[in-house]
Amino acid sequence: MTTDLDELLRSLRVWAPDVTELPPFDPATAPAAPLPLFATWFAEAVAAGQTEPHTMSLATADEEGLPDVRTVMLHGADTDGWSFATHATSRKGRHLAARPYAALGFYWPVLGRQVRVRGPVTAAPVEAGQADLHARSTGALAAALTGRQSEVLDSLDELARASEAAWEHAQREPDAPVPSWTLYLLRPEEVEFFQGDERRRHVRLNYRREEGGWAKELLWP
């Protein structure tokens, strides 16, 4: 059985007015800083049943400026910034070492909402990264202990053996250190909130960091 990708794409509809009802967003009610609004939208995505609302796209660039993107998990967000973690030796870790700047993208289709964040990235102290790792599940620790992220893999059998050994290690030593595991913090310079509208009158509110606070501006959809 073959699939006609073009035909399949044309058959899809997004936010058709006759079957879609998205929440309104009045930017005049938005707070002075982006973090409280992000926390509210995140909680509303969870309440609406959005699958894995804490997943986000992470965009980085290599030494030559060539972009890359992948899906990772948000580990936290506070006045210092948005945090995520990975091996410093992974592709994204190497990118951030060469160009310590990144962009994040959240998409919560159940509410027709997106949030985009970009800014400089710094590595948290080693102790913070290890504490973050050990506060997570045994599976997360096992995955970190498996290591060698982004390296070429010879076979799935090799992965299975390494993973099995890592799981045993994680269960035996739940505080096992993983030296390459690093917690990164993105300090936002811009945060954009996008509320979709079934009539395509999408609302885009952009926050820009300025000296002493944040400036807000509306963007054309």
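This one's a predicted model, so the numbers in the text were calculated from it and none came from an experiment.

**Some thoughts on the environment of Trp214**
- By secondary structure assignment, the location of Trp214 is in strand 10 (residues 213–219).
- Judged by its relative accessible area of 22%, Trp214 is partly exposed.
- When the C-alpha positions of Trp214 and Leu145 are compared, they lie 40 Å apart, and in sequence the two are 69 residues distant.
- In contact with Trp214, other than residues within four places in its own chain, are Ala32, Ala33, Pro34, Pro188, Glu189, Val191, Tyr207, Arg208 and Arg209.

**Describing the pairing of strand 4 (residues 81–87)**
- Across the seven residues that make up strand 4, a large majority, seven, are buried.
- Counted along the chain from strand 3 (residues 76–78) to the antiparallel partner strand 4, the turn is two residues long.
- Judged from the six bridges that link them, strand 4 and strand 7 (residues 181–186) form a sheet pairing that is antiparallel. Looking at strand 7, one finds that Ser83 is bridged to Leu185.

**Here we look at unusual backbone geometry**
- With a phi angle near 80°, Ser150 is a residue other than glycine that sits in the positive phi range.
- Tracing the chain through its elements places Ser150 in the loop between helix 5 (138–146) and helix 6 (156–172).
- Here Ser150 falls in the partly exposed class, since its relative accessible area comes to 43%.

**As for the pairing of strand 2 (residues 67–73)**
- The sheet contact formed by strand 1 (residues 55–61) and strand 2 spans seven bridges and is antiparallel. Residue pairing for strand 2: Leu58 is matched across the bridge by Arg70.
- Hairpin connection between strand 1 and strand 2: a loop of five residues separates the two successive antiparallel strands, and Gly65 in this loop has a positive phi of roughly 90°.

Cut-offs and rules
- Residues numbered from 1 in each chain as written.
- Predicted model: local features only at pLDDT ≥ 70, side-chain atom pairs only at ≥ 80, totals over all residues.
- Heavy atoms only, no water.
- Helix = DSSP H or I, 4+ residues; strand = E, 2+ residues; numbered from the N terminus.
- Buried < 20%, exposed > 50% of the residue type's maximum accessible area, 1.4 Å probe, protein only.
- Contact = heavy atoms within 4.5 Å.
- Pairing = 2+ DSSP bridges.

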